[in-house]
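# Results of the structural survey
Read off the chains here:
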Amino acid sequence: MMENKVFLSFTFYSTILILKMYVVAIITGQVRLRKKAFANPEDALRNGGLQFHRQDPDVERCRRAHRNDMENIFPFLFLGAIYSLLDPSPTVARIHFLIFCVGRMVHTIAYLLQLRAPTRSVAYSVAQLPCFSMALQILLATTPYW
């Protein structure tokens, strides 16, 4: 496995994306604390009382960014792992992984900082291109076996 340069590249970019998801989770928790908006009554009681068991638009924005990551990064992890086994060109594969990673970074920044439209949707769309490419290549490689 350590001889597979494509898989090593995939592992690098996947790890960056997982760390990014952890950062968004930490940001969500920090915004909850700063805004005193807790999802669970026991957390609200510990931090000032039940009046803080409430939703907050900024916390919800962070949660949506995190959920969007899960909806997009998890499929990338599957597609990228399988794609790595197809023996693609290391350069082409690295470009696929890089585009997805940069697209997701820009998407998260646009989401959390509330950048003007269409920044977030363009970042989302750009990040989807390598996923569709990898999915198509996987299907083409596996079609003879169905």
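As a starting point, this report considers the structure included with it. (Residues numbered from 1 in each chain as written. Predicted model: local features only at pLDDT ≥ 70, side-chain atom pairs only at ≥ 80, totals over all residues. Heavy atoms only, no water.)

It is worth spelling out the environment of Ile 82 at this point. Note that Ile 82 resides in helix 3 (residues 57-84). Through-space distance from the C-alpha of Ile 82 to that of Gln 137 is 10.0 Å; in sequence the pair is 55 residues apart. (Helix = DSSP H or I, 4+ residues; strand = E, 2+ residues; numbered from the N terminus.)

This brings us to the side chain of His 107. Along the polypeptide, His 107 turns up in helix 4 (residues 90-112). If we ignore the near neighbours within four places in the chain, the residues touching His 107 are Asn 68, Arg 120, Ala 123 and Tyr 124. (Contact = heavy atoms within 4.5 Å.)

A few words on the side chain of Thr 28. Its place among the elements puts Thr 28 in helix 1 (residues 5-35). Taking the relative accessible area as the measure of exposure, Thr 28 reaches 10% and is therefore buried. A polar contact of 2.8 Å, which involves the side chain of Thr 28, links it to the backbone oxygen of Val 24. (Buried < 20%, exposed > 50% of the residue type's maximum accessible area, 1.4 Å probe, protein only. Polar contact = N/O pair within 3.5 Å; in protein donor to acceptor, adjacent residues only side chain to side chain.)

In this structure the tally under the stated criterion is five salt bridges. We note a salt bridge from Glu 60 to Arg 63, for which the minimum N-O separation is 3.0 Å. One end of the pair, Glu 60, and the other, Arg 63, are both in helix 3, three residues apart, so they sit about a helical turn from each other. In this structure, Arg 104 and Asp 69 form a salt bridge, with 2.8 Å as the shortest nitrogen-oxygen distance. Here Asp 69 lies in helix 3 and Arg 104 lies in helix 4, a separation of 35 residues in the sequence. Across this residue pair, the class does not change: Arg 104 and Asp 69 are buried. Look at the salt bridges and you will find they share partners, linking Lys 20, Asp 69 and Arg 104 into a network. (Salt bridge = Lys/Arg side-chain N within 4 Å of Asp/Glu carboxyl O.)

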